[in-house]
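Structural description and commentary
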Amino acid sequence: QVQPVESGGGEVQAGGSLRLSCVASGRTSSDYAMGWFRQVAGKEREFVAAISWRGGNLYYADSVKGRFTISRGHAKNTVYLQMNSLQPEDTAVYYCACASWGPLLVQGNPDVGSWGQGTQVTVSS
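The following paragraphs examine the structure supplied in this document. Owing to the predicted nature of the structure, the values given are computational and were not obtained by experimental measurement. (Residues numbered from 1 in each chain as written. Predicted model: local features only at pLDDT ≥ 70, side-chain atom pairs only at ≥ 80, totals over all residues. Heavy atoms only, no water.)

**Some thoughts on the pattern of salt bridges**
- According to the stated counting rule, one finds 4 salt bridges in the structure shown.
- Salt-bridge contacts for aspartate 62 lead to lysine 65; the nearest nitrogen and oxygen are separated by 3.2 Å.
- By relative accessible area, aspartate 62 is classed as exposed at 65%.
- The salt bridge partner of arginine 67 is aspartate 90, with a shortest N-O separation of 2.7 Å. With arginine 67 in the loop between β6 (58-60) and β7 (68-72) and aspartate 90 in the loop between β8 (78-83) and β9 (92-99), this pair connects stretches of sequence that are 23 residues apart. (Salt bridge = Lys/Arg side-chain N within 4 Å of Asp/Glu carboxyl O. Buried < 20%, exposed > 50% of the residue type's maximum accessible area, 1.4 Å probe, protein only. Helix = DSSP H or I, 4+ residues; strand = E, 2+ residues; numbered from the N terminus.)

Here it is as structure tokens:
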């Protein structure tokens, strides 16, 4: 079972940037997509971005296109989310997750039990 661990959250002012990191440990399938979700208290968790195993396929929510960039590290069990031009509406707990296929993440269907603990991102106006 994959266990992602997120890091890199924090508090920034509107217009600022943050870079989130996620390392997935544990027994995994031979290859897998990784992605980011976010959740505001009282609301459903929403898809943010995903990347395929080799990094050739990228998926973004419309709300972050052009501002956020997902990438995969040299170690394939690592994924990053570079967040630029942050806005107060980006404030949320950001979670990393894995799935056998990128579109499964877009659909909100990561591997069972593959959610990390999350990292808080707060953007002040």
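From this point on, the discussion continues.
**As for the side chain of glutamate 6**
- Structurally, the position occupied by glutamate 6 is in strand β1 (residues 3-7).
- One buried charged residue, glutamate 6, forms no salt bridge at all, with the nearest opposite charge on arginine 45 at 7.1 Å.
- At 3.1 Å, the side chain of glutamate 6 forms a polar contact with the backbone nitrogen of glutamine 117.
- Other than its neighbours up to four places away in sequence, glutamate 6 contacts Ser21, Cys22, Trp36, Tyr94, Tyr95, Cys96, Gly116, Gln117, Gly118 and Thr119. (Lys, Arg positive; Asp, Glu negative; His and termini not counted. Polar contact = N/O pair within 3.5 Å; in protein donor to acceptor, adjacent residues only side chain to side chain. Contact = heavy atoms within 4.5 Å.)

**Re the sheet that holds β8**
- Reading across the sheet, the 4 strands line up as β1-β3-β8-β7 and stay open at both edges, with antiparallel pairing between neighbours. Lying at the two open borders of the sheet, with one neighbouring strand each, are β1 and β7. For this sheet the average axis-to-axis angle between neighbouring strands, irrespective of direction, equals 15°. (Pairing = 2+ DSSP bridges. Axes fitted to C-alpha atoms, helices over the stretch in contact; angles between N-to-C directions.)

**Here's the deal with the sheet that holds strand β2 (residues 10-13)**
- Here we have 6 strands laid out as an open sheet, ordered β2-β10-β9-β4-β5-β6, and mixed in their pairing. In this open sheet, the two edge strands, each paired with only one partner strand, are β2 and β6. Direction aside, neighbouring strands of the sheet carry axes that sit 25° apart on average.
- Taken together, the 7 bridges between strand β4 (residues 33-39) and β9 define a ladder with antiparallel strand orientation. Following the sheet pairing, methionine 34 is matched in β9 by cysteine 98.

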